[in-house]
Every structure is written in C-alpha cells, then in structure tokens.
Amino acid sequence: MTNVDWDAEAASFDEEPDHGLHDPEVRRAWAGRLRGWVPGRAGDVLDLGCGTGSLSLLASEQGHRVTGVDLSPAMVTLAREKLAGRDAVFLVGDAAAPPVGEQRFDAVLVRHLLWALPDPGRALRHWCGLLRPGGRLVLVEGVWGSVEPAGISAGRLTGLLAPIAGRVRVERLSGDPLLWGRAVTDERYAVVAQPGVSGQERGEAVAAGQ
C-alpha cells in the first residue's frame, strides 16, 4: 500500500465511508471522537496526510483553524475545494517533515499514515516538536488484514511514544461500526499523547488509569 499512486486514487478516495464521511451517522461518529481528542477551545490543528480534507472539515466546523499537508497534489486540490471559504490552508509536502516553518499547533492530527513511514519514531519526535505547550498528538492507526497484516499495533506505537510523551491514552475504535460504516474485526485505535508532561503529572495519569 505504500506504493499507491495517491493522485490516481484521489477521485475515488471519498467513496470509503470513513474517508468521505458522507453518511450522516458516520460523520457524527467521527465528529464526536474528534471533539474528545482535540482541545475544546478554538485553536490551530495540523492535519498530516490530510487526504481530501474530511477530518480537516470536521475540525474547522468545531471552530479550529486548520493546516493540512499531503504529498498528493490531487488530494490537496480536493481538500481546498472541500474547505473553500473556511479558515484553512492546505500544502503539498511530506507529512513526516511538514513545510510549516516555525508555526506551532494545539493539535497534530494524523490518520492511517504513521505505519507507512520508513522511520515512524523520527516522525513522532518531529511532530511532538510542532506542538505548543499542552498540545496533543492524535494518531489514528491500526493493523489491517489477516494474511499479510499491514499497519502498526497500539503496543508498538505506545512504545515509540514512551520516551517522548508523558501522557498517552489509547482509545479502541474497532468496536464502533459507525466509524467505519460496517463492523470490523481488526485492530483499530486512536492514541492521544501529550508531550512534556511532568513526572508528577505522569504518575497521576497512570494512577487514574489514563
């Protein structure tokens, strides 16, 4: 899948229920999850591997200013069309090292991308550096397929985050068919990480089961 021509896939990308979010119930399910992942106050959200901008649109509808980055010019064109007139900017670039200069964000949102990168640990460290104090790194990932599984497990991802993020919460998503437009049995999850949490806060989070 890492060799997919995403420009060629752009026109049909939104046909998947969790890509286009055309179904009102699927859309509401993702909007509800996003509201719990991203800080509630209006802020700056960086959507990496933004695709056609469906999650960017949800974030914008919730009052956030959005910057989206995708390697595919065709995807970026569709995202710009989808969010035309909104407080959103879309850039063509490498999501592992997004072209955002010195800008910092309240949340960095990444869906189904980290597993395909050659050095996910390096990307995670770079993304954490793009956050403002108190910001959140939101990673939606999974392991798909049974014959030749592709993806990254929650265990491996939390292990990569352990040295750089003080507070890490895993939210299982496989059991919510509304997110996917159907029931799924493979591993799908979200990780919400907050870098720079103090040792005391880290202990409190573990004690609270967060």
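See the structure above.
Residues numbered from 1 in each chain as written. Predicted model: local features only at pLDDT ≥ 70, side-chain atom pairs only at ≥ 80, totals over all residues. Heavy atoms only, no water.

A. Structural context of the environment of His22. Structurally, His22 can be placed in the loop between helix 2 (17–20) and helix 3 (24–37). We classify His22 as exposed; its relative accessible area is 62%. Between the C-alpha atoms of His22 and Ala150, which are 128 residues apart in sequence, the distance is 26 Å. The residues touching His22, leaving out its near neighbours within four places in the chain, are Asp14 and Pro17. (Helix = DSSP H or I, 4+ residues; strand = E, 2+ residues; numbered from the N terminus. Buried < 20%, exposed > 50% of the residue type's maximum accessible area, 1.4 Å probe, protein only. Contact = heavy atoms within 4.5 Å.)

B. Representation of the packing of helix 3 against helix 4 (residues 54–61). Interaxial distance between helix 3 and helix 4 falls to 10 Å at its minimum, and their mutual angle equals 65°. You can see that helix 3 and helix 4 cross each other, and the crossing is right-handed. For the pair helix 3 and helix 4, contact is made by Arg27, Trp30, Ala31 and Leu34 and by Leu55, Leu57, Leu58, Ala59 and Glu61, respectively. (Axes fitted to C-alpha atoms, helices over the stretch in contact; angles between N-to-C directions. Left-handed = near helix turned anticlockwise from the far one by under 90°.)

C. A look at the packing of helix 1 (residues 6–13) against helix 5 (residues 73–82). It is the contact of helix 1 with helix 5, at a shortest axis distance of 7 Å, that shows an interaxial angle of 30°. On the basis of their axis angle, the class for helix 1 and helix 5 is roughly parallel. For the pair helix 1 and helix 5, the contacting residues are Trp6, Asp7, Ala10, Ala11 and Phe13 in the first and Pro73, Ala74, Met75 and Leu78 in the second. Looking at side-chain class alone, the contact of helix 1 with helix 5 contains 8 nonpolar, no polar and 1 charged residues. (Parallel < 35°, antiparallel > 145°, perpendicular 65-115°, else oblique. Nonpolar A, V, L, I, M, F, W, Y, C, P; charged D, E, K, R; others polar.)

D. Region of the structure containing helix 3. Along its 14 residues, helix 3 runs 20 Å from first to last C-alpha, staying within 8% of the 20 Å computed at 1.5 Å per residue. Residues of helix 3 that are buried include every one of Val26, Ala29, Trp30, Ala31, Arg33, Leu34 and Trp37, and no others. Its side-chain oxygen 2.8 Å from the backbone nitrogen of Glu25, Asp23 forms the N-cap of helix 3. (Expected span 1.5 Å × (residues − 1). Polar contact = N/O pair within 3.5 Å; in protein donor to acceptor, adjacent residues only side chain to side chain.)

E. Region of interest: the side chain of His19. Tracing the backbone shows His19 in helix 2. Among residues more than four places away in sequence, those in contact with His19 are Phe13, Asp14, Ser54 and Arg111.

F. Here's a closer look at unusual backbone geometry. In this model, Leu21 sits at a positive phi of 55°, which is unusual for a non-glycine residue. By the element assignment, Leu21 lies in the loop between helix 2 and helix 3. With relative accessibility at 2%, the residue Leu21 sits in the buried group. Positive phi, close to 55°, is recorded for His112, a residue that is not glycine. With respect to the helices and strands, the residue His112 is situated in the loop between strand 4 (105–111) and helix 6 (120–128). Relative accessible area serves as the criterion here: at 22%, His112 is assigned to the partly exposed category.

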